[in-house]
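# Summary of the model geometry
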Amino acid sequence: LLGGAEGKGASENFVEAFFRRDRSLALPEVRHFADSPEAALPLLGLLSWNAKMLIGILKDREAGTRETKLGSFLQDRFARYTREWTLAEAISLQSALARVDFAAKQTPRDPLGTWTSLVLGFCR
């Protein structure tokens, strides 16, 4: 039970730190899930969903529209994230997540290295 709670907390901490682009907080969390496909694959899906929403919000901002709908809790969270990302960076992230997904499912690459590279590539 403790391992599951740590994993869930690590995932939440990782998502928040990653989208705030905080390398010093995101990088230590990688060790909690990278070698566990049962934790890493759902997290990858969550990251992809967040990237998709982030892209929608950034597109809305650039176009002056409001097509991406989120509840107030998520609006506050994504307002923090949009200060850290440009639309081009968020689109690049979406491509990088697809590469991580492919690496996790189709290649013998080291998962810890793959996730670490993702953090180093997008967090400051």
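Thresholds, definitions, all that
Residues numbered from 1 in each chain as written. Predicted model: local features only at pLDDT ≥ 70, side-chain atom pairs only at ≥ 80, totals over all residues. Heavy atoms only, no water. Helix = DSSP H or I, 4+ residues; strand = E, 2+ residues; numbered from the N terminus. Rg over C-alpha atoms; globule rule 2.2 N^0.38 Å. Buried < 20%, exposed > 50% of the residue type's maximum accessible area, 1.4 Å probe, protein only. Contact = heavy atoms within 4.5 Å. Areas by Shrake-Rupley, 256 points an atom, 1.4 Å probe, with all protein chains shown as cover. Lys, Arg positive; Asp, Glu negative; His and termini not counted. Charge placed at Lys NZ, Arg CZ, Asp CG, Glu CD. Axes fitted to C-alpha atoms, helices over the stretch in contact; angles between N-to-C directions. Parallel < 35°, antiparallel > 145°, perpendicular 65-115°, else oblique. Nonpolar A, V, L, I, M, F, W, Y, C, P; charged D, E, K, R; others polar. Core = buried A, V, L, I, M, F, W, Y, C linked by side-chain atoms within 4.5 Å. pLDDT = per-residue confidence, 0-100.

Another aspect to go through is the overall build of the chain. Counting its secondary structure elements, the chain contains six helices and zero strands. Going from the N terminus to the C terminus, the chain shows its helices and strands as α-α-α-α-α-α. In summary, the chain has a C-alpha radius of gyration of 15 Å against a globular reference of 14 Å for 124 residues, a match within 12%. For the chain, the C-alpha atoms occupy an extent of roughly 45 × 30 × 25 Å along the three principal directions. A buried classification covers 38% of the 124 residues belonging to the chain. When contacts within the chain are restricted to residue pairs at least 6 apart in sequence, those whose partners lie at least 24 apart make up 74%. In the form shown here, the chain has an accessible surface area of approximately 7,200 Å², with 55% of it arising from carbon and sulfur atoms. Considering the chain, the positive charge centre built from 17 side chains and the negative charge centre built from 15 side chains are found 5 Å apart.

Its location among the elements puts Glu29 in helix α2 (residues 23-29). When neighbours within four sequence positions are excluded, Glu29 is seen to be in contact with Ala10, Asn13 and Phe14.

What follows covers the packing of helix α3 (residues 37-63) against helix α4 (residues 72-82). Between α3 and α4, whose axes approach to 10 Å, the crossing angle comes to 75°. On the basis of the axis angle, α3 is roughly perpendicular to α4. Two secondary-structure elements touch here, α3 through Trp49, Asn50, Met53, Leu54, Ile57, Leu58 and Arg61 and α4 through Leu74, Phe78, Tyr81 and Thr82. When its residues are assigned to classes, the contact of α3 with α4 shows eight nonpolar, two polar and one charged.

What follows is about the side chain of Asn50. Position of Asn50 relative to the elements: it lies in helix α3. Contacts of Asn50, omitting those with residues within four sequence positions, involve Val15, Phe19, Phe78 and Tyr81.

Another point: the nonpolar core. Of all hydrophobic cores here, the largest spans 34 residues; its most connected members are Phe14, Phe18 and Trp115. Where this core is concerned, the elements lending two or more residues are α1 (2-19), α3, α4, α5 (87-106) and α6 (111-122). At ten residues, the largest contribution of residues to this core is made by α3. Contacts of Phe14, omitting those with residues within four sequence positions, involve Ala26, Glu29, Val30, Phe33, Leu43, Leu47, Trp115 and Val119.

Per-residue confidence for the chain gives a mean pLDDT of 91; residues scoring 70 or more make up 94%. Taken together, the stretch residues 1-5 has pLDDT below 50 and engages in zero contacts with residues farther than four places along the chain or on a different chain.

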